[in-house]
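# Coordinate analysis (summary)
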Amino acid sequence: MIFILLGPPGAGKGTYSQRLIEKFNIPQISTGDILREAVKAKTELGIKAKDYMDKGLLVPDEVIIGIVEDRIKEPDCKNGFLLDGFPRTIEQADALEYILNKNKLKLDCVVNLIVKNEILFKRLTGRRLCKKCGANYNIYTLPPAQEGICDKCQSELYQRDDDKPETIEKRLLVYTKQTAPLIEYYKNKNLLKEIDASEGTINEIVDKIEDILKS
Ligand code: AMP
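First things first, this report covers the structure right here in the doc. (Residues numbered from 1 in each chain as written. Predicted model: local features only at pLDDT ≥ 70, side-chain atom pairs only at ≥ 80, totals over all residues. Heavy atoms only, no water.)

### Quick look at the pairing of strand E3 (residues 81–84)
Filter applied, for reference: Exposure classes here rest on a 1.4 Å probe applied to the protein chains alone. A residue is buried below 20% of its type maximum, exposed above 50%, and partly exposed in between. We count a stretch as a helix when DSSP gives it H or I for four or more residues in a row; a strand needs E for two or more, and each element gets its number in order from the N terminus. Two strands pair under a simple rule: DSSP has to find at least two bridges between them.
Neither face of E3 is left uncovered, since the one carrying Phe 81 and Leu 83 and the one carrying Leu 82 and Asp 84 both have all their residues buried. Pairing of strand E1 (residues 2–6) with E3 involves four bridges; the strand directions are parallel. Across the sheet, Ile 2 pairs through a bridge with Phe 81, a residue of E3. As paired elements, strand E2 (residues 28–30) and E3 share three bridges and run parallel to each other. Paired with Ile 29 across the strands is Leu 83, a residue of E3.

Right, dumping it as structure tokens:
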């Protein structure tokens, strides 16, 4: 099973991915998470990527494509994987197709999460992440039991630098311009399924995605 969760920033890709990988027993490949780890570790990649991320811009295609190509060769991807936050441009989508073909793999499905813009803004400004385990929370819709503390590992929660209002606006614009064309791209390849993810609980949306993937 190889599938993509597509959708604007704040659509819930990370949250749903964390649940889906448990159900399907496949890894989540989140390019955003990989880049944030690299920034934290101050690696060459992290230093290069940080500037783009802080401005709400996309990291250059050639950098991201290399990361994904290496990651899908890891042994834990042998039964499939979920791509979260990749591809984000037509060039990345073409590269993914080429890489999958080269490795005799096939993309099964692309699930596009549709969420209204005003909801996205609230979700992004309210988002908090665990410093240690990466678990997702939202101060409005999914607060932790104790303010600022992760329910799972009791570590401190933080707000992503790019979840500040000025950067959110930029990221939403970048999404519309560079990533939204992928909806048409995958529709034309008969791989696209769409879900209205503006309303409903996390479990309800995860169930909808699961039904699509099982069918
Ligand atoms: P995310 O966590 O998916 O929202 O990604 C956070 C940031 O990482 C984005 O705003 C980009 O700067 C960068 N990023 C993540 N994935 C990609 C990608 N596939 N292509 C280019 N930049 C990316």
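### Observations concerning the nonpolar core
Cut-off, in case you're wondering: Remark: nonpolar core denotes a set of buried residues (Ala, Val, Leu, Ile, Met, Phe, Trp, Tyr, Cys) joined through side-chain atoms within 4.5 Å. Whether two residues are in contact is decided by their heavy atoms: any pair within 4.5 Å suffices.
Ranked by size, the top nonpolar core spans 32 residues in total, and within it Ile 4, Phe 81, Leu 83, Leu 107, Val 110 and Tyr 186 carry the most contacts. With near-sequence residues (within four places) excluded, Ile 4 lies in contact with Leu 83, Phe 86, Pro 87, Leu 96, Leu 107, Cys 109, Val 110, Val 111 and Tyr 186. Counting residues in hydrophobic clusters, the runner-up holds 24 residues, among them Ala 11, Val 115, Ile 212 and Leu 213.

### Describing the pattern of salt bridges
The criterion, for reference: Put simply, a salt bridge is a Lys or Arg side-chain nitrogen that is within 4 Å of an Asp or Glu carboxyl oxygen.
Per the stated rule, a full pass over the model turns up 17 salt bridges. Ionic pairing is found between Arg 71 and Asp 76, a salt bridge with its closest N-O pair at 2.7 Å. Accessibility expressed as a relative area gives 40% for Asp 76, which makes it partly exposed. When the shortest N-O distance is used, the salt bridge between Glu 199 and Lys 116 registers 3.9 Å. Of this pair, Glu 199 sits in the loop between strand E8 (192–196) and helix H9 (202–214) while Lys 116 sits in the loop between strand E4 (109–114) and helix H6 (117–126); the two residues are 83 residues apart in sequence, bridging distant segments of the chain. A relative accessible area of 58% places Glu 199 in the exposed class. What makes Lys 116 partly exposed here is its relative accessible area of 42%. Members of the salt-bridge network, linked through shared partners, are Arg 127, Arg 160, Asp 162, Asp 163 and Arg 171.

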